[in-house]
Amino acid sequence: MGIGYRSIRDIDWVLLVVALAICGLGVLQIYSAAHGTIWHDAWWKQIIWIFVALALMWLISIVDYHTLMSQVPILYVSSIVVLLATFIVGQSVFGSRRWIRVAGMTLQVSEFVKLVLILLVAKYLTELKSSQLELRDLLKLGGLIGLPMLLVMKQPDLGTALTYVPILGIGILLAGLRWQYAATIVAVVALVLPVSWFALKDYQKARLVSFLDPNQDPKGSGYQVIQSKIAVGAGGMWGEGVTRGTQTQYRFLPVPHTDFIFSAFAEEHGFVGVIFALGLYFLLLMQVVQNAQTAPDKAGMYICMGIGALLLFHVLVNVGMVVGRMPVTGIPLPLMSSGGSNIMSVFLMLGLVNNVRLRRYVN
Amino acid sequence: MSLSDLEREQQQAAITRDDPKFASARIAGFQYLTVAVFIFLVAGFWDLQVRNPEFYSERAEENYIKSVPVLAPRGRIFDRDGRIIVDNHSSYSLILTRENLNPAHLKPIADGLGIDYHDLVDRLARMRGRPKYEPIIIKEELSPQDLAFVDAHRDRDTFPEMSLIRAQRRLYPENGIAAHVIGYVGEISDAQLDNADYADKYHPGDIIGQAGLEAQYNETLMGQDGQRRVKVDNMGRERELMEDKPAVPGQDLHTTLDLDLQTVAELAMDGRQGAVVAMDPRTGEVLAMVSHPSYDPNIFSGRVPAKEWKELLSDPAKPMLNRAIQAQFAPGSTFKPIEALGGLEEGVITDDFKVHCGGGASFYGHYFACHKKGGHGEVELHKGIVQSCDVFFYNVGNKLGIDRIAKYAEMAGFGKPTGIDLPHEASGVVPSTKWKWRNFRQKWFAGETISVAIGQGALTVTPVQLATAIAGIANGGVWPHPHLTRDAKVEAARKYNVSLENVAKVIYGMYGVVNEGGTGGRARIPGMNVCGKTGTAQLASTAMVKSANGKMKNNAWFVGFAPRENPEIVVVALFEHGAEGMMAAPIVRDVMKAYFDKKARNEAPLPALAELELPPLLQPVRAGQPARTEHP
């Protein structure tokens, strides 16, 4: 079945324009933050990634999402296999095996697993007979999400592993949950949190401690938070101007073109720029939610809402970290942070949203 | 697309395409959550960027702006021929910048550099009141090991507060030559900072002159430190120069000292305790000033280890004392020329004034001995000076009375500092009836006058006072102001209306002391007409000196000038515990001989050279003229 004539007209142009606008801010900020460093060509690479990602978005739009959902078992198993493979053939960067080389590109597998998990949750919940989740369903879903989470945590990459939680969380909330289960989950989490403290790596503990009190170790883990807050604050109302932020340009800000790109942006463009950029993100999210509301079926709704929750989580944790209101987790800011995996996975998600939108008038 | 595919799709649709709106309330809930998240984030930015951006701007500046002082080199010190006495040499000093100082780093830094941790903490505490951008010098003269330590640990992740700066260190002559005149520099002390004079001009941590010319001319020599403000990146690399205030180097100091004479005088005093002052009587320029024992000022140019300080201060020989201006001793017989002049001026010594010396005389019920037991027989003025007859001067003094003696002692410059350009000059004592009443509320006893008449009793002088006094006589009643720098503002010489005829009689006596078989024969330089006077000053009663079994000897003085007509040089030597005045005479002779030898050397070839009409730059340098020196 073709989607031919209606596809161009029915594409979510608002979503696309907003996403590309955010990408534009990102490219500008990558250029400003990385010029004169070894990453000076990262902005150019980012543009290439964006074009590649647009093509992928188009591709994923034209295959009916139901067809994609029917492939979930294969996709899920291959995801687990590839995640396991990163332990063997993965590229170790900063002591963490997250990347795998495919055709000359290094890809972060865990970013793409998100898509599979979104489809998986949508499929599982759509096929649910009852109006509320049973304990059996919860355990099964938890196990299905928990396995790749565990693998990603072992890379170790706690940040990305945590991004799988909102995918599950939004699904459970939308599907409906007995209050007893909800209470049990809260109780279990409350119990598990202190215990899991001991399972954390030292640097992860240090990040948490420095989040709670960054001044305790101003040159260690707290350094990033302090420098980021200084950068943001120094930006003031109007910002210091492109390539003029001292925190960014003199490298006091850690990784100003990737994880802390919004800090660099806030320094150089000020509060006004921040409102503009956050406004774009808000528009993007609302557009995703709108697509969930107009989705032709539950499956489409679950897919859109899963993507919305995931993007919201990313924005909350990354931007929250930049202003010192969230711990340092090292997850990228969607569409802005430099890196192909981030751009591609987000555009693939937007492609899924578009996929749902294209099929809203079916029957 | 096949039929079966269509069927399956429809079947699937029957199952899944139920009402997607069932969750609309929950989706709305998600929208509210999204709004809440964005409000939460915007509040974060509002807090940082709108509510207190200045706070963060300042912290950003602290990050990238670094100020490094540029230390001004101190002016150098030259002798009268333009030869360097005190030079600088460059070295590295370690400073701590306080913009990013972490107190926890102090201990490992102190350990790494081998400095005392508590000392370092104290220094930091002292600097607390200063602006933060002013760094603190914590170690000077870094050794190669220190430099390696700093280099290995100054990166951002270790001790980024460490910075190196080039500093100029003082380099003094070895063996303590001219140490007391030159003085030394040191860090300004807490006590000095409590003093308003210092606190206005200097800051904690400043290196200032602490003694001698270094202290006297500190403002000339010190210069003004500059400052570099640079933008640095997170690795401490300079990215941009914001401000470069260059240091203003201190001005050089041209002294009147002659290193040749200074060295000869130092050698003459080698192993002895005392002082030498050589002066040009025409100008008051001090050519040499020696105080022994001496010390090595180079140990003061860093921070002085407490142990060495203690040793220097507790040494009974008092090496830190500048005896030339601070030792106050009875002049002994070197006072006799001044008293003789007084006697002549007051008409006490007339042409037929003669005294019989039988080895002693009684005054006011006390017997006063002459240094020659057998006596000098018939003594008039000339013989009295040449033979240094005490009985003759007992009688002169007795006739003059203490107040007239004091008048001439004060005319000669005793009793108050000469005003030489050195700190902490002593004034000596000229006793008089007024002086005694003021200090002891007692009447003067005439018997006391007899001791003062031969330069004993309460009368004390410093070597530089004595040199000035003799210069005045040599000049015929014109007392110059001694000084050590060529650019110093010197007061006009004090002129007294003394009869030149009387002065000539005294000088004739002093000529006889050296050239007519008098007590100062050892100072003779053939062809030079050296005039002089010995002095043997008792430290205590003769009985005490004897009982000390030679361990406690009298001080030996010799004052001399030459030539007899138009004198060019006055030399005073104090040889503590030298036993007899004649022991000090060779010291004076050596210095004078060096002066005249040098003069002869310099003058001989000059006329021939002058005839060659050399370009100005190649003009020969005469003694007494500053040679061309290299100025930056």
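Just so you know, these numbers come straight off a predicted model, no measurement behind them.

Draft legend 1. The overall build of chain B, seen in detail. Across its full length, chain B carries 25 helices and 21 strands. Within chain B, the proportion of its 632 residues that are buried is 42%. For chain B, the proportion of contacts with a sequence separation of at least 24, taken over those separated by at least 6, is 72%.

Draft legend 2. Quick look at helix 21 (residues 463-474) of chain B. All names here are of chain B. Its 12 residues place the ends of helix 21 16 Å apart at the C-alpha level, agreeing with the 16 Å of an ideal helix rising 1.5 Å per residue. When you tally the buried positions in helix 21, you get 12 out of 12 residues, the bulk of the element. Among the residues trailing helix 21, Gly476 stands out with phi positive, at a value near 80°.

Draft legend 3. Looking closely at the packing of helix 17 (residues 390-400) of chain B against helix 20 (residues 446-453) of chain B. Residue and element names in this part refer to chain B. Interhelical geometry of helix 17 versus helix 20 gives an angle of 130° and a closest axis separation of 8 Å. In terms of orientation, helix 17 and helix 20 fall into the oblique class. You can see that helix 17 and helix 20 cross each other, and the crossing is right-handed. Residues Phe393, Tyr394, Val396, Gly397 and Asn398 of helix 17 pack against Thr449, Ile450, Val452 and Ala453 of helix 20.

Draft legend 4. Layout of the interface of chain B and chain A. If you look at the interface, chain B gives 37 residues, while chain A gives 46 residues. Mapped by element, the contributors of at least two residues to the side of chain B that touches chain A are helix 1 (3-16), helix 2 (24-51) and helix 3 (53-64) of chain B. Sorting elements by how many residues they give to the side of chain B that touches chain A places helix 2 of chain B first, with 15 residues. Per-class residue counts for the side of chain B that touches chain A are 18 nonpolar, 11 polar and eight charged.

Draft legend 5. Just the sheet that holds strand 21 (residues 569-575) of chain B, in detail. All names here are of chain B. One open sheet accounts for five strands, arranged 12-11-21-20-19; its pairing is antiparallel. A strand with exactly one partner marks an edge of an open sheet, and here the two such strands are strand 12 (286-292) and strand 19 (531-537). Put simply, the sheet's adjacent strands are angled 5° from each other on average, direction ignored. As paired strands, strand 20 (residues 555-562) and strand 21 are joined by seven bridges and run antiparallel to one another. Paired with Ala556 across the strands is Phe575, a residue of strand 21.

Draft legend 6. Highlighting the sheet that holds strand 1 (residues 65-70) of chain B. Residues and elements named next belong to chain B. Strands sit in the order 1-8-9 across an open sheet of three strands; the sheet is antiparallel. A single partner strand is all that each edge strand has here, and the edge strands are strand 1 and strand 9 (238-245). The average angle at which neighbouring strand axes cross in this sheet is 25°, direction not considered. In this sheet, strand 8 (residues 226-232) lies alongside strand 1 in antiparallel orientation, the contact comprising six bridges. Bridge pairing in strand 8 places Val70 opposite Gly226.

Draft legend 7. The arrangement of unusual backbone geometry in detail. All names here are of chain B. For the bond from His292 to Pro293, the omega torsion is -5°, close enough to zero to count as cis. Here Pro293 is to be found in the loop between strand 12 and helix 13 (306-314). Omega for the peptide link from Ala562 to Pro563 comes to -15°, which places this bond in the cis form. By the secondary structure assignment, Pro563 is in the loop between strand 20 and strand 21. Even without being glycine, His577 reaches a positive phi, approximately 60°. By the secondary structure assignment, His577 is in the loop between strand 21 and helix 24 (585-603).

Cut-off values and rules
- Starting from 1, residues in each chain are numbered consecutively following that chain's sequence as written.
- Chains and ligands are labelled by the order in which they are written, letters from A for the one and numbers from 1 for the other.
- In view of the model being predicted, local features appear only for residues whose pLDDT reaches at least 70, and side-chain atom pairs are presented and counted only at 80 or more, with totals across whole chains, interfaces and linings using the full set of residues.
- The numbering of helices and of strands both runs from the N terminus, where a helix is a DSSP run of H or I of at least 4 residues and a strand a run of E of at least 2.
- Residues with at least 20 other C-beta atoms within 10 Å of their own are called buried, those with 12 or fewer are called exposed, and the rest are partly exposed. The C-beta atoms themselves are positioned from the backbone.
- By the convention adopted here, residues make contact when the C-beta atoms placed from their backbones lie within 7 Å.
- To estimate the expected span of a helix, subtract one from its residue number and multiply by 1.5 Å.
- Throughout, an axis means a line fitted to C-alpha atoms (over the contacting stretch in the case of helices), and angles, computed between N-to-C directions, take values from 0 to 180 degrees.
- Should an angle fall under 35 degrees it is taken as roughly parallel, and over 145 as roughly antiparallel, whereas 65 to 115 is taken as roughly perpendicular and any remaining angle as oblique.
- Working rule for handedness: look at the near helix, and if it is turned counterclockwise from the far one by less than a right angle, call the crossing left-handed; if clockwise, right-handed.
- In this classification, Asp, Glu, Lys and Arg are treated as charged, Ala, Val, Leu, Ile, Met, Phe, Trp, Tyr, Cys and Pro as nonpolar, and every other residue, Gly included, as polar.
- By this definition, two strands are paired if DSSP reports at least two bridges between them.

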